[in-house]
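# Tertiary structure, described
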Amino acid sequence: MGLGLLALRASRSLALNRLPRAFAYQNPSNNAIIRGIVSTPELQNPEAAAAVQQPEPAPELPPRKPVAGARVHFTNPDDAIEVFVDGYPVKVPKGMTVLQACEIAGVDIPRFCYHSRLSVAGNCRMCLVEVEKSPKPVASCAMPALPGMKIKTDTPIAKKAREGVMEFLLMNHPLDCPICDQGGECDLQDQSMAFGSDRGRFTEMKRSVVDKNLGPLVKTVMTRCIQCTRCVRFATEVAGVQDLGILGRGSGEEIGTYVEKLMTSELSGNVIDICPVGALTSKPFAFKARNWELKGTESIDVTDAVGSNIRIDSRGPEVLRITPRLNEDINEEWISDKTRFFYDGLKRQRLNDPMIRGPDGRFKAVTWRDALAVVAEVLHQVKAEEIVGVAGKLSDAESMMALKDLLNKMGSNNIWCEGNGSDPQADLRSGFLLNSSIAGLEKADVFLLVGTQPRVEAAMVNARIRKTVRATQAKVGYIGPPTDINYDHQHLGTGTQTLLEIAEGRHPFCSALLHAKNPAIIVGAGLFEHKDKDAMFSAVETIAKLGKVVRPDWNGLNVLLLNAAQSAALDLGLVPESGNSVESAKFLYLMGADDVDLDKVASDAFVVYQGHHGDRSVYRANVILPASAFSEKEGTYENTEGCSQETLPAVPIVGDARDDWKIIRALSEVAGIRLPYDTLGAVRTRIRTVAPNLLHLDEREPSAISSVAVKPQFSQKVSIAPFGAAVENFYMTDSITRASKIMAQCTAQLLK
Amino acid sequence: MFAPAARLASKRLLEIRQLFRQSPQARSFSTALNYHIDSPDNNPDAPWEFSDVNKEKAKEILSHYPSNYKQSAVIPLLDLAQQQHGGWLPVSAMNAVAKVIEVAPIRVYEVATFYSMFNRTKVGKYHLLVCGTTPCMIRGSREIEEALLNYLGVKRNEVTKDGMFSVGEMECMGCCVNAPMITVADYTKGSEGYTYNYYEDVTPKRVVEIVEMLRRGEKPPVGTQNPQRIRCGPEGGNTTLLSEPKPPPCRDLDAC
Ligand code: SF4
Ligand code: FES
Ligand code: FES
């Protein structure tokens, strides 16, 4: 049969174009003769094209660098196969797609629908490449690489295929780049420049699509959509809200929700980044700036304890948008909606000038000199143990260090950080860190969530858990108030009772824990403020021991912190001396602390509020010292897994405000107890003596000893009380988010 | 029940939708829009359930698929729901199907909007579908549609006042050899007596007769309406293949 076919083919080619073609076969350099007959014969017939090109000797290829740092990871060296990309041999693991192989070989394949973190759809056809012996160009994103495959990415066939796909995509795409917010960072724009033709042949009417209302964050211009379905796959796979779908078919196809429905996901903002065109753009950022006018500053998010890596895009003194930065260990390439959209809070309700509350109860703006003099004077009038300092949720390590030093110099050690409770356990780092690390959670096969709702407390950690559950069908047990969890889980109970049942091995979930290879327990930091905290933690540790959660090769006993300052505060030893110091305080120094129960503060206490927003605490403050926000200063933050990272100033400081640590340093000078540092570097040298790990930037410092081994066993009676929710409103958790209008809109429209 | 403003808004939207349908330039898709607009008879809050008989049928349908691939049953179930609901799928019916196959409603909406035989707006008890694809068009489907629309006094995809008829268009039904043709989806007797019949070789006169017969409750004979033809055979009897076909001359079949 094979022979017959060959003979048939030979006779056909002979019969069809007798002399010239036969001649050309023998002498490939003489292409001109064929040119005259068919305009581009090598494109009409791939076999001929292959025949024409083969005789060329393989040129010496310069080694190429993989695209965007693409890495190969061979789990099993036997699985390596060799493919040739444009003649250049590369070794890739079995199961990789042609597109990934090309990336490793250093060839960037244009694409629209393919996204490395989503399932493969293969519907845009932009990634077509030529593969030797395949009759048609193949969609490289969906085609597995096979041993010995000869992939060609720069042949006329590949080029023509891309050009054709580009022409089809642009057929129904409006040419509204000048008024499109994506313009300048649009995949379609870039790729049509690189791979498209300079003209199209389509002369009919373009289609138009009704815009959808997806809520206050995502603006839709659906006519621009190219139906890559990235957003649909993102919503379904990563965000876990099955709201978006592709409706209709053919040229009537559109993305939508069918019934009017807002996209109620805490990750919805990511569809803006993922959409390769301007169909989904940021509503708050719409028409505010062109992206090439923006200055990008690489920084860290401080609205939760995850420390997502972000880029702050600013123009002049204004933060205009926040986008994620890739960090595989923390946020991958997503960020939560709160991180992305709370920035407008940075412009509202800011404290510009130092202020003193006069006898009439009104604030009067004063100079720094006067304000500090007043504070220093009161500081010296109160007894040492009546001095209390509270660091807020957004405080950086440097300012907390300075505040602690100041208070210590005054003879007081009543200082703590919001959220850590009045009796935090700061001796062992493993007692307050996410010990398995965020990326490490992917190895776990059973999760036990104790009093934590990761979806609202740390959306990126939740995304990891969801990713794990989707990939490996890991089991999740949850103890806490009823809540919306976007993956398969068992709601085991609402409080302590269930926890004790598991600790005593009476609960059916125990068997899952016992049989797990890498069980992970995640305890919410909300429990820090619970009155039976110690008993609860000892119960958790019993469970950990029971399920062999802490082993030399795996530490699955985790605490999920709530805010950015918490772990650095514990590392620096911000532990109050007495549990009820707020009530007995005569001098209360609030460094951005807005969630202190101010009703407990004695009426004759002197309250200093140092912070950037006129939020809750200023109503009680006697003196206001304006400080800079995280976007305006350089500061160190440690995230919940113990990785220290740094914010960088993106915009100038507002008004007469100053950096937190500088204010405290100045105050110490006025009060006559000079702190021994004048520069940020000197503060950091001081931090080195207390918690050197805080200075190892972008490195996760795991805790050395695990708490299970050394902690004594408690056996206390506990009250049977259900756990509360630590975060009531995902969108408003701190002074900046509470000042943000966008977050207010989200609260009003999305939390119903 | 409705706040006046909301009613006004939905009325206005309906008007816009009507306008959209009538405008001659608009490309015509099966049942217009790919998104849902609430109306009194089509909204997510309206209760909808499979009838008891159809519940059994649904169970039967589900049994054809492995229990972890329930979603495979989406098309037959939507079809069943459509038959039960008089030929169209309100959004609440789609939600009911989603519940049965345990997927998010949007996954069902995707399917229902993709297939043009799922009607998402009201149709008549007899839904007449005129084939508009090339062979039928060449053989005069435009006139057929015109005749139907004129006779019934409706626009395309509009239901007659008595709720009996509606006319739609669809693509090739594989009956081109008897072009032009129409299909009649009969929803008068629920899902039990549901039929979906082809009437082929129709003329503008004949379709009107068919409609009249249907209105009288008669059953017009299905298939070709040309008395000269037997099924899809040529007019006046076969002209070829009159004897046993000869074996191919080029090969010796027995030798293979
Ligand atoms: S809206 Fe954007 S991401 Fe979604 S399918 Fe269209 S082009 Fe793709
Ligand atoms: S990227 Fe391969 S088909 Fe879209
Ligand atoms: S074209 Fe009408 S049935 Fe095929």
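Rules behind the numbers
- Residues numbered from 1 in each chain as written.
- Chains lettered and ligands numbered in written order.
- Predicted model: local features only at pLDDT ≥ 70, side-chain atom pairs only at ≥ 80, totals over all residues.
- Heavy atoms only, no water.
- UniProt positions renumbered as here; feature names shortened; annotations may be inferred.
- Helix = DSSP H or I, 4+ residues; strand = E, 2+ residues; numbered from the N terminus.
- Buried < 20%, exposed > 50% of the residue type's maximum accessible area, 1.4 Å probe, protein only.
- Contact = heavy atoms within 4.5 Å.
- Areas by Shrake-Rupley, 256 points an atom, 1.4 Å probe, with all protein chains shown as cover.
- Phe/Tyr/Trp six-rings, centres within 6.5 Å; stacked < 30°, edge-to-face > 60°.
- Lys NZ or Arg CZ within 6 Å of the ring centre and 35° of its normal.
- Axes fitted to C-alpha atoms, helices over the stretch in contact; angles between N-to-C directions.
- Parallel < 35°, antiparallel > 145°, perpendicular 65-115°, else oblique.
- Left-handed = near helix turned anticlockwise from the far one by under 90°.
- Domains from an automatic or database assignment.
- Buried area = accessible area lost by both parts, 1.4 Å probe.
- Salt bridge = Lys/Arg side-chain N within 4 Å of Asp/Glu carboxyl O.
- Polar contact = N/O pair within 3.5 Å; in protein donor to acceptor, adjacent residues only side chain to side chain.
- Nonpolar A, V, L, I, M, F, W, Y, C, P; charged D, E, K, R; others polar.
- Pairing = 2+ DSSP bridges.
- Near = heavy atom within 4 Å.

Labelled according to an unreviewed UniProt entry, chain B appears under the name NADH dehydrogenase [ubiquinone] flavoprotein 2, mitochondrial, originating from Protea cynaroides. UniProt's Sequence similarities (unreviewed entry) comment on chain B is quoted here verbatim: "Belongs to the complex I 24 kDa subunit family."

As annotated in an unreviewed UniProt entry, chain A carries the name NADH dehydrogenase [ubiquinone] iron-sulfur protein 1, mitochondrial and is attributed to Protea cynaroides. The annotation that UniProt attaches to chain A under Subcellular location (unreviewed entry) is "Mitochondrion inner membrane". UniProt's Sequence similarities (unreviewed entry) comment on chain A is quoted here verbatim: "Belongs to the complex I 75 kDa subunit family."

What follows concerns the overall build of chain B. Helix and strand counts for chain B come out as eight helices and five strands. Mapped from its N terminus to its C terminus, chain B presents α and β elements in the order α-α-α-α-α-β-α-α-β-β-β-α-β. Expressed as a percentage of its 256 residues, the buried residues of chain B come to 43%. Sequence separation of 24 or more characterises 61% of the internal contacts of chain B that already satisfy a separation of 6 or more. If you sum the accessible surface of chain B, you get close to 14,800 Å²; carbon and sulfur atoms cover 57% of it.

The subject of this paragraph is the packing of aromatic side chains. Scanning all chains against the criterion turns up twelve aromatic pairs over all chains. On the basis of an interplanar angle of 80° and a centroid distance of 5.2 Å, the ring pair of Trp48(B) and Phe50(B) is categorised as edge-to-face. Taking the relative accessible area as the measure of exposure, Phe50(B) reaches 8% and is therefore buried. An aromatic cluster is built from Phe587(A), Tyr589(A) and Phe606(A), whose rings are joined through pairwise contacts. Over the ring of Phe114(B) we find Arg249(A); its NZ or CZ atom is 5.0 Å from the centre of that ring.

Time to look at the packing of helix α4 (residues 91-101) of chain B against helix α5 (residues 105-114) of chain B. Residue and element names in this part refer to chain B. Between α4 and α5, the least distance of the axes is 8 Å, while the angle of their chain directions is 120°. Classified by the interaxial angle, the pair formed by α4 and α5 is oblique. Judged by the twist between their axes, the crossing of α4 over α5 is right-handed. Every residue of α5 that contacts α4 at Val91, Met94, Asn95, Val97, Ala98 and Ile101 is listed here: Pro105, Val108, Tyr109 and Ala112.

Turning next to the domain arrangement of chain A. All names here are of chain A. In terms of domains, chain A is made up of domain 1 (2-38), domain 2 (72-171), domain 3 (177-282), domain 4 (355-426 + 566-695) and domain 5 (429-562 + 702-715). Each of domain 3 and domain 5 was reduced to a C-alpha centroid, and the two centroids are 38 Å apart. Contact between domain 3 and domain 5 buries roughly 590 Å² in total, counting both sides, with carbon and sulfur atoms accounting for 45%. By the criterion of area lost to domain 5, the three top residues of domain 3 are Glu237, Glu266 and Leu267, representing 63% of everything that side buries. Where domain 3 touches domain 5, the interface holds one salt bridge. Of the charged contacts, one joins Glu266 and Arg455 as a salt bridge, the two residues approaching to 2.8 Å between their closest N and O atoms. For the pair domain 3 and domain 5, the number of links is five residue pairs in polar contact (both at pLDDT 80 or more). Of the residues belonging to the side of domain 3 that touches domain 5, the class tally is four nonpolar, four polar and two charged.

Residue and element names in this part refer to chain B. Pairing is mixed across the open sheet formed by five strands, whose spatial order is β2-β1-β3-β4-β5. The strands lining the two open edges of the sheet, one partner per strand, are β2 (165-170) and β5 (223-224). Bridging between strand β4 (residues 195-200) and β5 involves two bridges; their strand directions are parallel. Paired with Glu200 across the two strands is Thr224, which belongs to β5. Packing against the sheet, helix α7 (residues 141-152) makes contact with β1 (126-131), β2 and β3 (181-186), and its axis sits at approximately 155° to β1.

This brings us to the domain arrangement of chain B. All names here are of chain B. Domain boundaries assigned for chain B yield domain 1 (52-114) and domain 2 (126-224). Placing a centre on the C-alpha atoms of domain 1 and another on those of domain 2 gives a separation of 27 Å. Contacts between the two partners involve nine residues from domain 1, matched on the other side by five residues from domain 2. With both chains or domains summed, domain 1 and domain 2 bury close to 530 Å², and 52% of this area falls on carbon and sulfur atoms. Applying the counting criterion to the domain 1 and domain 2 interface returns two residue pairs in polar contact (both at pLDDT 80 or more). Listing elements by their share of the side of domain 1 that touches domain 2, those giving two or more residues are α2 (52-62) and α3 (74-84). Here the side of domain 1 that touches domain 2 takes four residues from α3, the largest share from any one element. The residue makeup of the side of domain 1 that touches domain 2, split by class, is two nonpolar, six polar and one charged.

The figure often quoted for interface size is the accessible area lost as the parts come together. Opposite the 17 residues of chain B that make contact, chain A presents 22 residues. Roughly 1,700 Å² of surface becomes buried between chain B and chain A when both sides are summed, with 55% attributable to carbon and sulfur atoms. At the surface where chain B touches chain A, the tally comes to zero salt bridges. Breaking the side of chain B that touches chain A down by element, the ones donating at least two residues are α4 and α5 of chain B. Considering each element in turn, the side of chain B that touches chain A owes the most residues, six residues, to α5(B). Residue composition of the side of chain B that touches chain A, by class: nine nonpolar, four polar and four charged.

Looking now at the pattern of salt bridges. Residues and elements named next belong to chain A. A full pass over the atoms with the stated rule returns 63 salt bridges over all chains. Residue Glu442 pairs with Arg464 through a salt bridge whose shortest N-O separation is 2.6 Å. A residue pair is termed long-range when its members are at least 10 positions apart, and Glu442 in the loop between β16 (414-417) and β17 (446-450) and Arg464 in helix α15 (residues 459-472) qualify at 22 residues. The class of Arg464 is buried, set by a relative accessible area of 2%. With a shortest N-O distance of 3.1 Å, Asp553 and Arg551 are connected by a salt bridge. When its relative accessible area of 61% is taken as the criterion, Asp553 is described as exposed.

All names here are of chain A. Among the structural elements, Asn331 can be located in the loop between β12 (318-324) and α11 (337-341). For Asn331, a relative accessible area of 0% translates into the label buried. When near neighbours in sequence (up to four residues on either side) are disregarded, Asn331 contacts Ser308, Asn309, Pro324, Arg325 and Met460.

Moving on: the site of ligand 1. Cys225(A), Cys228(A), Thr229(A), Cys231(A) and Cys275(A) are the nearest of the 13 residues found near ligand 1. By residue class, the composition of the shell around ligand 1 is ten nonpolar, two polar and one charged.

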